[in-house]
Amino acid sequence: MSHMLDHRGAELRAGLEVRALVSGIGDKRKRRRWLLVPLQAFVDDSREFGAPGFVLGGYIASVEDWERFSIEWQRVLDMPMRIEYFNMNEAYRIDGQFRHWSEPRRDERLSLFYDVIERHIPAAISCVIPIETLKSVVRSFDFPSLKGNRKLLENPYYLALPSLITLTAKYQDKMQLNEKIDFIFDEQVMEEDKIHQSWSFFKKNFPPALLHNLSGHPIFRNDKELKPLQAADLWAWVTRKRYNEKITGDLKWEPPWRERKPIHQLHIEYDERSIRALLNESLSMFRQ
């Protein structure tokens, strides 16, 4: 009985963790805000040393859907051969939480995790930036207005984050969802400043039409504790893996899960031409 109560308590906490991001639990003013902010985008990045692609990606859903998702995700974590958290790189390498697992058991658990995503999440968002191509294009521009901003523009977040926000804004319009949305990121000490800087850059330089549903500031949480960020880690990893293998021509990996339910995949993939065009547009704003 005690074991069952422990699992039930973990499931309830998993759901409350999502609501706490917007409700503040116990704060009436923040609870009222929760009614006005029913959408959340959980986002993670994915990169590999020496590989071409940088990915920012994750999933978007309502707070209620994320609560239900988190409860079921916790149940999959708690299955026999219980794991504390999910990390896609550890699963792929059969390391960390998946150390000593067999490949068939790993693949079965991956399929169960993806089933939870399919049941509750309506949309995936992702942006791929070829890192060295971005640096090369930025360094090829020689405008006085770029002075002091070159290093900033070489940071892939400055392209990826606005792209994700724009994709999300278009998704909201298409689905006739006019509510504000919170963006929640995996807390990474090395990257938090970059996200804050690119967030500020976006809010200062992009059209008001893309800003009206954007919450005031990015939120950062620990992906080992917050279940939706573990799903974001999965999607960012899968997107990067597919992109890198397409670029190198080394197509080897296939996900072990079957896709039974369509999830809207809002995806943008940059190359030299599109980076150059966007940078020209950005520089015109600097010149004005």
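Cut-offs and rules
Residues numbered from 1 in each chain as written. Predicted model: local features only at pLDDT ≥ 70, side-chain atom pairs only at ≥ 80, totals over all residues. Heavy atoms only, no water. Helix = DSSP H or I, 4+ residues; strand = E, 2+ residues; numbered from the N terminus. Buried < 20%, exposed > 50% of the residue type's maximum accessible area, 1.4 Å probe, protein only. Contact = heavy atoms within 4.5 Å. Areas by Shrake-Rupley, 256 points an atom, 1.4 Å probe, with all protein chains shown as cover. Salt bridge = Lys/Arg side-chain N within 4 Å of Asp/Glu carboxyl O. pLDDT = per-residue confidence, 0-100. Pairing = 2+ DSSP bridges.

**Q** Explanation requested: the overall build of the chain in the structure shown.
**A** For the chain, the helix and strand inventory stands at eleven helices and six strands. Taken over 288 residues, the chain has a buried fraction of 52%. Here the contacts in the chain between residues at least 6 apart in sequence split such that 75% fall between residues at least 24 apart. For the chain, the accessible area works out to roughly 15,000 Å², and carbon and sulfur atoms hold 52% of it.

**Q** Please clarify how the pattern of salt bridges should be interpreted in this entry.
**A** Oppositely charged side chains can form a pair if their charged atoms are brought close together. Per the counting criterion, the structure on display carries 13 salt bridges. Between arginine 47 and aspartate 45 there is a salt bridge, with its nearest N and O atoms 3.5 Å apart. By relative accessible area, arginine 47 is classed as partly exposed at 38%. A salt bridge links arginine 240 to glutamate 48, with the nearest nitrogen and oxygen atoms 2.9 Å apart.

**Q** Where do I start with the confidence of the model for the chain in this structure?
**A** Caution applies to low-pLDDT regions: their predicted coordinates should not be interpreted in detail. Confidence in the prediction for the chain averages 82 pLDDT; 81% of positions are at 70 or higher. Mean pLDDT across the elements of the chain ranges from a minimum in helix α2 (residues 28-36), with 44, to a maximum in helix α5 (residues 103-120), with 97. Confidence drops under a pLDDT of 50 for residues 23-36, and excluding neighbours within four residues, the segment shows 19 contacts in the predicted structure.

**Q** I'm lost on the pairing of strand β1 (residues 39-46) in this one. Help?
**A** Consecutive side chains of a regular strand alternate in pointing toward one face of the sheet and then the other. The element β1 is extensively covered by neighbouring structure, given that eight of its eight residues are classed as buried. Both faces of β1 are covered, namely the face carrying Leu39, Ala41, Val43 and Asp45 and the face carrying Gln40, Phe42, Asp44 and Ser46. Sheet topology note: the β1/strand β2 (residues 53-62) ladder contains eight bridges and is antiparallel. Across the sheet, the residue bridging to glutamine 40 is alanine 61, located in β2. Counting the residues between successive antiparallel strands, the hairpin from β1 to β2 contains six residues, one of them, glycine 50, with a positive phi of roughly 85 degrees. Pairing between β1 and strand β4 (residues 181-186): five bridges, direction parallel. In the sheet register, valine 43 faces β4, and the bridge partner there is phenylalanine 185.

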